[in-house]
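What the coordinates show
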Amino acid sequence: MRKKIVAGNWKMNLKFEEALQLAIDLNGWIADNQPEAEVIIAPSSIYLPTLLENVDEQFLKISAQDLSAHEKGAYTGDISAEQLDSIGLDFSLIGHSERRTYQHEDAEVLEQKMKQAFAHQIYPIFCFGENLEQRENNTHFEVVESQLLDVLAKQDKELLNKLILAYEPVWAIGTGKTASPEQAQEMHVYVREVLDKNFGAEIANSTPILYGGSVNAENAENLFSQNDIDGGLVGSASLQLDQFTQIIMAAQ
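What you see is a predicted model; the values in this text were computed from it and never measured.

Next up on the list: the UniProt feature "binding site: substrate" (unreviewed entry) in the protein. In the UniProt entry, the feature "binding site: substrate" (unreviewed entry) is given for N9, W10, K11, G174 and S214. A stretch of 206 residues holds the annotated residues, and the largest C-alpha distance among them is 13.7 Å, short enough that they meet in one place. Topologically, K11 is positioned in the loop between β1 (5-9) and α1 (16-33). Among residues more than four places away in sequence, those in contact with K11 are A42, S44, Q65, H96, E98 and I173.

Turning next to the UniProt feature "active site" (unreviewed entry) in the protein. Mapped onto the present numbering, the UniProt feature "active site" (unreviewed entry) falls at H96 and E168. In summary, the annotated positions, though distributed over 73 residues, converge in three dimensions, the widest C-alpha pair being only 8.3 Å. Secondary-structure assignment places H96 in the loop between β4 (91-94) and α4 (97-102). A distance of 3.0 Å separates a polar side-chain atom of H96 from the backbone nitrogen of E98. The topology assignment puts E168 in the loop between β6 (164-167) and α8 (181-199). On the accessibility criterion, E168 (2% relative accessible area) is buried. Every residue in contact with E168, bar those within four places of it in the chain, is listed here: G95, H96, S97, C127, F128, G129, E130, I173 and G212. Looking at E168, its side chain comes within polar contact range of the side chain of H96, at 3.2 Å.

Here we come to the pattern of salt bridges. Side chains that carry opposite charge are capable of pairing whenever their charged atoms lie near each other. All chains considered together, the criterion is met by 14 salt bridges. Between R99 and E105 there is a salt bridge; the shortest N-O distance is 3.0 Å. On the accessibility criterion, R99 (26% relative accessible area) is partly exposed. One salt bridge in this structure joins R192 and D230, with 2.6 Å as the shortest N-O distance.

The rules behind the values
- Residues numbered from 1 in each chain as written.
- Predicted model: local features only at pLDDT ≥ 70, side-chain atom pairs only at ≥ 80, totals over all residues.
- Heavy atoms only, no water.
- UniProt positions renumbered as here; feature names shortened; annotations may be inferred.
- Helix = DSSP H or I, 4+ residues; strand = E, 2+ residues; numbered from the N terminus.
- Contact = heavy atoms within 4.5 Å.
- Polar contact = N/O pair within 3.5 Å; in protein donor to acceptor, adjacent residues only side chain to side chain.
- Buried < 20%, exposed > 50% of the residue type's maximum accessible area, 1.4 Å probe, protein only.
- Salt bridge = Lys/Arg side-chain N within 4 Å of Asp/Glu carboxyl O.

The following block contains the structure:
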């Protein structure tokens, strides 16, 4: 049985005091309510050490939003997997659509980022998904399969049991549009078929696949009730305690 996971990607939002208070409040809510889902938040990198010190990872896990493709060296502005590991971090997003779009990250870069994560005991939350044109052209399955295999096939297969996947249809991120539960389930099933064909049934059946695309308190229950949707990667709704906790409770 795959555990449900609800991850909040805070992106470039919240001042320090706001982020710290939200993390503390969320940690307290989880401790009091004991939801079944594992909860992860990904704040801005400058907040990571302080938030790690102020939450109990028994209740609330902390993730980076990104990590470097390089081990170390003259890469100004980058943060390495080794550095994240050294402060006690266990997770990082890799391949978010905004990184692919604005920083032009391609499969080669993402392949190296994932290798760095695995090498330093960081669990990758690997994001993938099609844009609106690809969905309308009916190439979305082909696009998703390519995004997965171009990166995962280059990894040590023995390490893929540490992987979390997040399907994020780009056309539904920050737009208010959401894939219907049936559309999302259809893609999640397809992803498991790709995993099964290329990496075996154990990986296919055990890998959590989250849905990320304008998840909110109103649609979360319908999305999470689908057999192959194991929770969500939540954007703006994760910045509001009442919204985010409702989403967490929907992942039971």
